[in-house]
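Structure at a glance
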Amino acid sequence: MSAVAGDDLVVLASNVTKRFGNTLALDDVSLEVYRSEMVVLLGLSGSGKSTLLRCLNGLHPVSSGTVEVGGTRVDQASSTELRALRRNVGFVFQHFNLVGRLSCLENVLIGGLGRLKLPRYGALTYPKRMRAEAIKHLDRVGLADFAERRADTLSGGQQQRVAIARTLMQQPGLLLADEPVASLDPENAGVVMDLLFRVCIEEKLTVVCTLHQVDLALGWAHRLIGLRNGQKVLDRPAVGLTRDDVMGIYQRVDPAAAESASRTTL
Ligand SMILES: Nc1ncnc2c1ncn2[C@@H]1O[C@H](COP(=O)(O)OP(=O)(O)OP(=O)(O)O)[C@@H](O)[C@H]1O
Ligand SMILES: [Mg+2]
């Protein structure tokens, strides 16, 4: 375990297996993530990264194993408990998922809807303290001047920063990010990774993020987890890891060859 600020366990997944029909998407995966830790999941396309993220917030029920997030047993949660859990777990997507015709401020305010009893239409219908909070989060991501701008007039990098501000408005304990920089140019990708890293440290927010860029993972993560064919094949602090250490994750394993090799060694 890497040394992180505070050692509270936020995510504890034990022996998680997830099947979709005949596809074994996750194969006996266990992991622990601590408060204020930034963990990056790496692996080839189809290795199970998104599935693992979705098992953490209960979007996918696990086939076997246990998942505990912030003290809630996700695998046993009722629909009410799952709703409460998802209010505490922010999700950042590759394609930002902002409402394009709404202003940046309104998009950020949407992150606070879970705290209100009734739906709201327009920034002015939110309590004043929530509007101030949303502006603070826009300022946090460097976009306070864009509060009134329609979200669909922003660049991709700016939209992702608004999406992060919306997630912060949720006041989450855990932030899951599925390829948050996959649609961005290298400069904006660095800006967004830096932002995620800073909120992780400064807000003591736990971040689990999937990436395809090894260098970004080595540059920003506290810890790297590698998945291959649904199995966890790497789980190490980023400090001291080299690119070569990580590239092993990407070796394709032909299941027939692996089986034949195991028969030969028996
Ligand atoms: N809803 C689903 N129904 C059926 N199979 C699925 C579903 N979601 C994922 N899978 C399968 O589970 C495996 C893992 O998929 P997953 O999306 O988790 O991979 P990934 O590592 O996120 O890939 P990528 O890097 O392309 O996003 C794949 O074989 C995929 O086809
Ligand atoms: Mg994915």
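Now for a look at the structure at hand. Predicted model only: the values in this text are computed from it and were never measured.

Bringing the packing of aromatic side chains into the picture now. One pass over the structure, following the stated rule, counts 2 aromatic pairs. Note on phenylalanine 91 and phenylalanine 93: the rings are 4.9 Å apart at their centroids and 15 degrees apart in plane angle, and the pair reads as stacked. Accessibility expressed as a relative area gives 10% for phenylalanine 91, which makes it buried. Here the aromatic rings of phenylalanine 197 and tryptophan 220 are separated by 5.9 Å at their centres, their planes lie at 50 degrees, and the arrangement is tilted.

Let's shift gears to the environment of glycine 43. Here glycine 43 shows up in the loop between β3 (38-42) and α1 (49-56). The buried category is assigned to glycine 43, whose relative accessible area is 0%. When sequence neighbours within four positions are dropped, the list of residues in contact with glycine 43 reads Lys49, His212, Leu227, Ile249 and Tyr250.

Glancing now at the pattern of salt bridges. Across all of its chains, the model carries 11 salt bridges by this definition. Of the charged contacts, one joins glutamate 133 and arginine 115 as a salt bridge, the two residues approaching to 2.9 Å between their closest N and O atoms. In this pair, glutamate 133 sits in helix α4 (residues 128-140) while arginine 115 sits in the loop between α3 (104-110) and α4, placing the two residues 18 residues apart along the sequence. On the basis of relative accessible area, glutamate 133 is assigned to the buried category, the value being 15%. Between aspartate 235 and arginine 223 there is a salt bridge, with its nearest N and O atoms 2.6 Å apart. You can see aspartate 235 sitting in strand β10 (residues 231-237) and its partner arginine 223 sitting in strand β9 (residues 223-228), a full 12 residues away along the chain. On the basis of relative accessible area, aspartate 235 is assigned to the partly exposed category, the value being 27%.

When two helices pack together, you describe them by how their axes are tilted relative to each other and by the distance separating the axes. Contact geometry for α4 and helix α5 (residues 156-169): axes closest at 9 Å, N-to-C directions at 135 degrees. Here α4 is positioned oblique relative to α5, judged by the angle of their axes. The two elements α4 and α5 cross, and the hand of that crossing is right-handed. Only Val162, Ala165, Leu168 and Met169 of α5 make contact with α4, whose side of the interface consists of Met130, Glu133, Ala134, His137, Leu138 and Arg140.

Let us now look at the site of ligand 1. Neighbouring ligand 1 are 13 residues; Ser45, Gly46, Lys49, Thr51 and His212 lie closest to it. Within the side chain of serine 50, one N or O atom sits 2.9 Å away from an oxygen atom of ligand 1. A distance of 3.2 Å is found between an oxygen atom of ligand 1 and a side-chain nitrogen or oxygen belonging to glutamate 179. In isolation ligand 1 exposes 630 Å². Once the protein is present, 61% of that is buried. Among the elements that take part in the shell around ligand 1, α1 stands out by supplying 3 residues, more than any other. Taken together, the residues that form the shell around ligand 1 break down as 3 nonpolar, 8 polar and 2 charged.

Taken together, the 6 strands give an open sheet; going across it, the order is β6-β7-β8-β3-β9-β10, and neighbouring strands pair in mixed fashion. Whereas interior strands pair on both sides, the edge strands pair on one side only; in this sheet they are β6 (89-92) and β10. Within the sheet, the average angular offset between the axes of one strand and its neighbour, ignoring direction, is 15 degrees. Strands β3, β6, β7 (174-178), β8 (206-210) and β9 of the sheet are contacted by α1, whose axis makes an angle of about 155 degrees with β7. Sheet contacts for α5: β6 and β7; angle to β6, the most-contacted strand, approximately 170 degrees.

Conventions used here
- Per chain, the residues get numbers from 1 upward, laid out in the order the sequence is written.
- Chain A is the first chain written and ligand 1 is the first ligand written, with later ones labelled in order.
- For a predicted model such as this one, the threshold for reporting local features is a pLDDT of at least 70, and the threshold for listing and counting side-chain atom pairs is 80 or more; totals across whole chains, interfaces and linings nevertheless cover every residue.
- For side-chain calculations, the full set of non-hydrogen atoms in the structure is used, while hydrogens and water are omitted.
- Whether two aromatic rings pair depends on their centres lying within 6.5 Å, for rings of Phe, Tyr and Trp, where Trp uses its six-membered ring; planes under 30 degrees apart make the pair stacked, over 60 edge-to-face, and the rest tilted.
- Each residue is placed in one exposure class: buried if its accessible area under a 1.4 Å probe, protein chains only, is under 20% of its type's maximum, exposed if it is over 50%, and partly exposed if it falls in between.
- The way it works is that DSSP assigns letters per residue, a run of H or I at least four long becomes a helix, a run of E at least two long becomes a strand, and they are numbered from the N terminus.
- Only heavy atoms enter the contact rule, under which two residues are in contact if any of them lie within 4.5 Å.
- The working definition used for a salt bridge is a side-chain nitrogen of Lys or Arg within 4 Å of a carboxyl oxygen of Asp or Glu.
- Angles here are taken between N-to-C directions and fall from 0 to 180 degrees, while the axes themselves are lines fitted to C-alpha atoms, restricted in helices to the stretch in contact.
- If an angle is under 35 degrees, it is roughly parallel; if it is over 145, roughly antiparallel; if it lies from 65 to 115, roughly perpendicular; otherwise it is oblique.
- Should the near helix be turned counterclockwise from the far one by less than a right angle, the crossing is left-handed, whereas a clockwise turn marks it as right-handed.
- Whether a residue is near a molecule or strand is decided by its heavy atoms; if any one of them lies within 4 Å of it, the residue is near.
- Any pair of N or O atoms that falls within 3.5 Å is considered a polar contact. Within protein, one atom must be able to donate a hydrogen and the other to accept it, and sequence-neighbouring residues count only if both atoms are side-chain atoms.
- Every accessible area reported is derived by Shrake-Rupley at a probe size of 1.4 Å, with residue values counting cover from the shown protein chains alone.
- Throughout this entry, Asp, Glu, Lys and Arg are counted as charged residues, while Ala, Val, Leu, Ile, Met, Phe, Trp, Tyr, Cys and Pro are counted as nonpolar. The remaining residues, Gly among them, count as polar.
- Strands were regarded as paired on the criterion that DSSP finds at least two bridges between them.

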